[in-house]
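Structural features, examined
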Amino acid sequence: MKRMLDSTRFEALAFSDRDLGPEECAALARSAAKLVDVAALDRSGGGSFERLWRNEHSEAWLNLWWEPRDTGYHDHGGSCVGVHVLEGCARNEALVVGGPRRVREYGANESFSFPGTGIHRMEHDRGAVTIHVYSPPLAAIGHYEILDSELHRQPGPPDEASPPSPELSSALGAESL
(Lines give C-alpha, C1' and ligand atoms only; values in the text may rest on other atoms or scores of the structure.)
Protein backbone atom coordinates (compact mmCIF):
# COMPACT_ATOMS: atom_id res chain seq x y z
CA MET A 1 0.00 0.00 0.00
CA LYS A 2 1.28 3.45 -0.77
CA ARG A 3 1.91 5.46 2.38
CA MET A 4 -0.85 8.11 2.35
CA LEU A 5 -1.44 8.50 6.06
CA ASP A 6 0.23 10.92 8.48
CA SER A 7 1.66 8.67 11.21
CA THR A 8 2.38 11.55 13.60
CA ARG A 9 -1.33 12.37 13.87
CA PHE A 10 -2.15 8.74 14.69
CA GLU A 11 0.68 8.46 17.22
CA ALA A 12 -0.51 11.61 19.02
CA LEU A 13 -4.07 10.26 19.11
CA ALA A 14 -2.89 6.93 20.54
CA PHE A 15 -0.81 8.29 23.42
CA SER A 16 -1.69 6.52 26.69
CA ASP A 17 0.09 5.72 29.93
CA ARG A 18 -1.66 2.34 30.34
CA ASP A 19 -3.12 -0.59 28.44
CA LEU A 20 -6.68 -0.13 27.20
CA GLY A 21 -9.85 -2.17 27.66
CA PRO A 22 -11.94 -3.49 24.76
CA GLU A 23 -14.41 -0.57 24.69
CA GLU A 24 -11.55 1.93 24.90
CA CYS A 25 -9.96 0.24 21.89
CA ALA A 26 -13.24 0.58 19.97
CA ALA A 27 -13.47 4.28 20.90
CA LEU A 28 -9.88 4.82 19.78
CA ALA A 29 -10.60 3.05 16.48
CA ARG A 30 -13.55 5.44 15.93
CA SER A 31 -11.30 8.43 16.61
CA ALA A 32 -8.58 7.11 14.29
CA ALA A 33 -11.18 6.64 11.54
CA LYS A 34 -11.70 10.41 11.48
CA LEU A 35 -8.09 10.80 10.31
CA VAL A 36 -8.51 8.53 7.27
CA ASP A 37 -9.57 9.93 3.89
CA VAL A 38 -11.33 6.84 2.54
CA ALA A 39 -11.63 8.36 -0.95
CA ALA A 40 -7.82 8.64 -1.21
CA LEU A 41 -7.11 4.96 -0.45
CA ASP A 42 -5.35 2.83 -3.05
CA ARG A 43 -7.96 0.35 -4.28
CA SER A 44 -5.72 -1.77 -6.48
CA GLY A 45 -5.13 -5.45 -5.81
CA GLY A 46 -7.05 -7.73 -3.51
CA GLY A 47 -6.46 -5.69 -0.38
CA SER A 48 -3.85 -4.90 2.20
CA PHE A 49 -3.25 -3.80 5.75
CA GLU A 50 -1.10 -1.01 7.15
CA ARG A 51 0.00 -0.37 10.71
CA LEU A 52 -1.13 3.08 11.80
CA TRP A 53 0.84 3.10 15.06
CA ARG A 54 2.47 0.90 17.66
CA ASN A 55 3.44 2.09 21.13
CA GLU A 56 3.92 0.49 24.53
CA HIS A 57 0.16 0.21 25.18
CA SER A 58 -1.63 -0.19 21.82
CA GLU A 59 -1.32 -0.62 18.11
CA ALA A 60 -3.70 -0.08 15.21
CA TRP A 61 -4.10 -1.43 11.70
CA LEU A 62 -6.01 -0.09 8.73
CA ASN A 63 -7.40 -3.06 6.80
CA LEU A 64 -8.49 -2.65 3.18
CA TRP A 65 -10.17 -5.65 1.56
CA TRP A 66 -11.12 -5.09 -2.09
CA GLU A 67 -11.94 -8.81 -2.35
CA PRO A 68 -13.94 -10.82 0.23
CA ARG A 69 -11.77 -11.98 3.14
CA ASP A 70 -12.29 -14.62 5.87
CA THR A 71 -9.73 -14.43 8.69
CA GLY A 72 -10.38 -17.92 9.99
CA TYR A 73 -10.67 -18.56 13.73
CA HIS A 74 -7.86 -16.89 15.64
CA ASP A 75 -6.92 -15.30 18.95
CA HIS A 76 -4.87 -12.20 19.63
CA GLY A 77 -2.47 -13.71 22.15
CA GLY A 78 -4.13 -11.92 25.09
CA SER A 79 -4.66 -8.54 23.43
CA CYS A 80 -8.19 -7.15 23.32
CA VAL A 81 -9.41 -5.46 20.14
CA GLY A 82 -11.74 -2.67 19.11
CA VAL A 83 -12.87 -2.49 15.48
CA HIS A 84 -14.48 0.35 13.57
CA VAL A 85 -15.93 -0.09 10.07
CA LEU A 86 -15.25 2.92 7.84
CA GLU A 87 -16.77 1.51 4.67
CA GLY A 88 -18.50 -1.70 3.60
CA CYS A 89 -19.52 -4.56 5.85
CA ALA A 90 -17.71 -6.88 8.27
CA ARG A 91 -18.99 -9.77 10.37
CA ASN A 92 -17.57 -11.05 13.65
CA GLU A 93 -18.18 -14.53 15.05
CA ALA A 94 -16.97 -15.80 18.42
CA LEU A 95 -15.95 -19.46 18.53
CA VAL A 96 -18.94 -21.19 20.14
CA VAL A 97 -18.94 -24.93 20.82
CA GLY A 98 -22.21 -26.70 21.65
CA GLY A 99 -24.47 -23.68 21.18
CA PRO A 100 -25.92 -21.46 18.50
CA ARG A 101 -23.57 -19.39 16.36
CA ARG A 102 -23.02 -15.77 17.45
CA VAL A 103 -22.55 -13.80 14.27
CA ARG A 104 -22.81 -10.02 14.35
CA GLU A 105 -22.76 -7.83 11.25
CA TYR A 106 -21.35 -4.30 11.29
CA GLY A 107 -21.67 -1.65 8.59
CA ALA A 108 -20.09 1.72 7.98
CA ASN A 109 -19.71 3.86 11.13
CA GLU A 110 -20.33 0.92 13.48
CA SER A 111 -17.86 -0.42 16.04
CA PHE A 112 -17.42 -3.45 18.29
CA SER A 113 -14.87 -4.90 20.68
CA PHE A 114 -13.65 -8.35 21.67
CA PRO A 115 -11.84 -9.50 24.86
CA GLY A 116 -8.24 -10.63 24.87
CA THR A 117 -9.29 -14.10 26.02
CA GLY A 118 -11.57 -14.79 23.04
CA ILE A 119 -11.26 -16.77 19.83
CA HIS A 120 -13.13 -15.40 16.83
CA ARG A 121 -13.20 -15.01 13.08
CA MET A 122 -14.06 -12.09 10.86
CA GLU A 123 -15.37 -11.92 7.35
CA HIS A 124 -14.94 -8.73 5.34
CA ASP A 125 -17.13 -8.10 2.30
CA ARG A 126 -15.60 -6.82 -0.93
CA GLY A 127 -14.69 -3.18 -0.33
CA ALA A 128 -14.60 -3.31 3.47
CA VAL A 129 -12.34 -0.79 5.21
CA THR A 130 -11.78 -1.28 8.95
CA ILE A 131 -9.51 -0.04 11.72
CA HIS A 132 -8.47 -2.53 14.43
CA VAL A 133 -6.93 -1.27 17.69
CA TYR A 134 -5.22 -3.85 19.93
CA SER A 135 -4.11 -3.45 23.53
CA PRO A 136 -1.57 -4.40 24.61
CA PRO A 137 0.15 -4.49 21.19
CA LEU A 138 0.00 -7.85 19.43
CA ALA A 139 2.87 -10.20 20.17
CA ALA A 140 1.44 -13.15 18.20
CA ILE A 141 -1.78 -14.41 16.69
CA GLY A 142 -2.98 -17.98 17.22
CA HIS A 143 -4.65 -19.61 14.21
CA TYR A 144 -7.08 -22.49 14.82
CA GLU A 145 -7.83 -25.44 12.57
CA ILE A 146 -8.77 -29.12 12.81
CA LEU A 147 -5.98 -31.49 11.82
CA ASP A 148 -6.47 -35.26 12.05
CA SER A 149 -9.76 -34.69 13.96
CA GLU A 150 -8.05 -32.57 16.65
CA LEU A 151 -8.21 -28.83 17.25
CA HIS A 152 -4.78 -27.25 16.80
CA ARG A 153 -3.46 -23.76 17.50
CA GLN A 154 -0.71 -22.59 15.21
CA PRO A 155 1.12 -19.46 16.38
CA GLY A 156 1.72 -16.78 13.79
CA PRO A 157 3.34 -13.37 13.62
CA PRO A 158 1.11 -10.36 14.27
CA ASP A 159 1.92 -8.68 10.96
CA GLU A 160 0.68 -11.42 8.61
CA ALA A 161 -2.89 -12.06 7.46
CA SER A 162 -4.74 -14.84 9.29
CA PRO A 163 -5.56 -17.88 7.12
CA PRO A 164 -9.09 -19.30 6.82
CA SER A 165 -10.09 -22.32 8.99
CA PRO A 166 -12.11 -24.42 6.52
CA GLU A 167 -12.20 -27.68 8.53
CA LEU A 168 -13.07 -25.98 11.83
CA SER A 169 -15.68 -23.79 10.13
CA SER A 170 -17.26 -26.85 8.52
CA ALA A 171 -17.30 -28.79 11.82
CA LEU A 172 -19.10 -25.86 13.50
CA GLY A 173 -21.52 -25.38 10.59
CA ALA A 174 -19.96 -21.97 10.01
CA GLU A 175 -18.77 -22.26 6.40
CA SER A 176 -19.83 -18.68 5.76
CA LEU A 177 -20.88 -15.87 8.01
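Placed above this text is the structure.
The following refers to the structure shown. Fair warning: this is a prediction, and the values are worked out from it, not measured in the lab.

On to the overall build of the protein chain. Scanning the protein chain from terminus to terminus reveals three helices and 12 strands. In terms of C-alpha radius of gyration, the protein chain reaches 16 Å, essentially the compact-globule figure of 16 Å for 177 residues. Considering only C-alpha atoms, the protein chain reaches an extent of 50 × 35 × 25 Å along its principal axes. Evaluated residue by residue, the protein chain yields a buried proportion of 47% over its 177 residues. The contacts in the protein chain between residues at least 6 apart in sequence include a share of 71% that link residues at least 24 apart. Roughly 8500 Å² of accessible area belongs to the protein chain as shown, and the carbon and sulfur atoms make up 50% of that amount. Put simply, the protein chain has 17 plus and 27 minus side-chain charges, and the middle of one group is 4 Å from the middle of the other.

Let us look at the environment of Leu 172. Inspection of the secondary structure assignment puts Leu 172 in the segment after α3 (166-171). The exposure class assigned to Leu 172 is partly exposed, which follows from its relative accessible area of 25%. In this view, Leu 172 contacts Tyr 73, Leu 95, Val 96 and Arg 101; residues no more than four positions away in its chain are not counted.

Moving on, we get to the pattern of salt bridges. Under the counting rule described, the total for this entry stands at 12 salt bridges. Between Arg 91 and Asp 125 there is a salt bridge, and its shortest N-O distance comes to 2.4 Å. In this pair, Arg 91 is assigned in strand β6 (residues 89-94) and Asp 125 in the loop between β9 (120-124) and β10 (128-135), connecting sequence segments 34 residues apart. Under the relative-accessibility criterion, Arg 91 is labelled buried at 7%. For Asp 125, a relative accessible area of 28% puts it in the partly exposed group. The partner of Glu 93 in a salt bridge is Arg 121, and the shortest N-O contact between them spans 3.4 Å. Highlighted residues: Glu 93 in strand β6 and Arg 121 in strand β9, separated in sequence by 28 residues. Judged on exposure class, the residue Glu 93 and its partner Arg 121 are both buried. Residues participating in the shared-partner salt-bridge network are Asp 70, Glu 93, Arg 101 and Arg 121.

Calculation notes
Residues numbered from 1 in each chain as written. Predicted model: local features only at pLDDT ≥ 70, side-chain atom pairs only at ≥ 80, totals over all residues. Heavy atoms only, no water. Helix = DSSP H or I, 4+ residues; strand = E, 2+ residues; numbered from the N terminus. Rg over C-alpha atoms; globule rule 2.2 N^0.38 Å. Buried < 20%, exposed > 50% of the residue type's maximum accessible area, 1.4 Å probe, protein only. Contact = heavy atoms within 4.5 Å. Areas by Shrake-Rupley, 256 points an atom, 1.4 Å probe, with all protein chains shown as cover. Lys, Arg positive; Asp, Glu negative; His and termini not counted. Charge placed at Lys NZ, Arg CZ, Asp CG, Glu CD. Salt bridge = Lys/Arg side-chain N within 4 Å of Asp/Glu carboxyl O.

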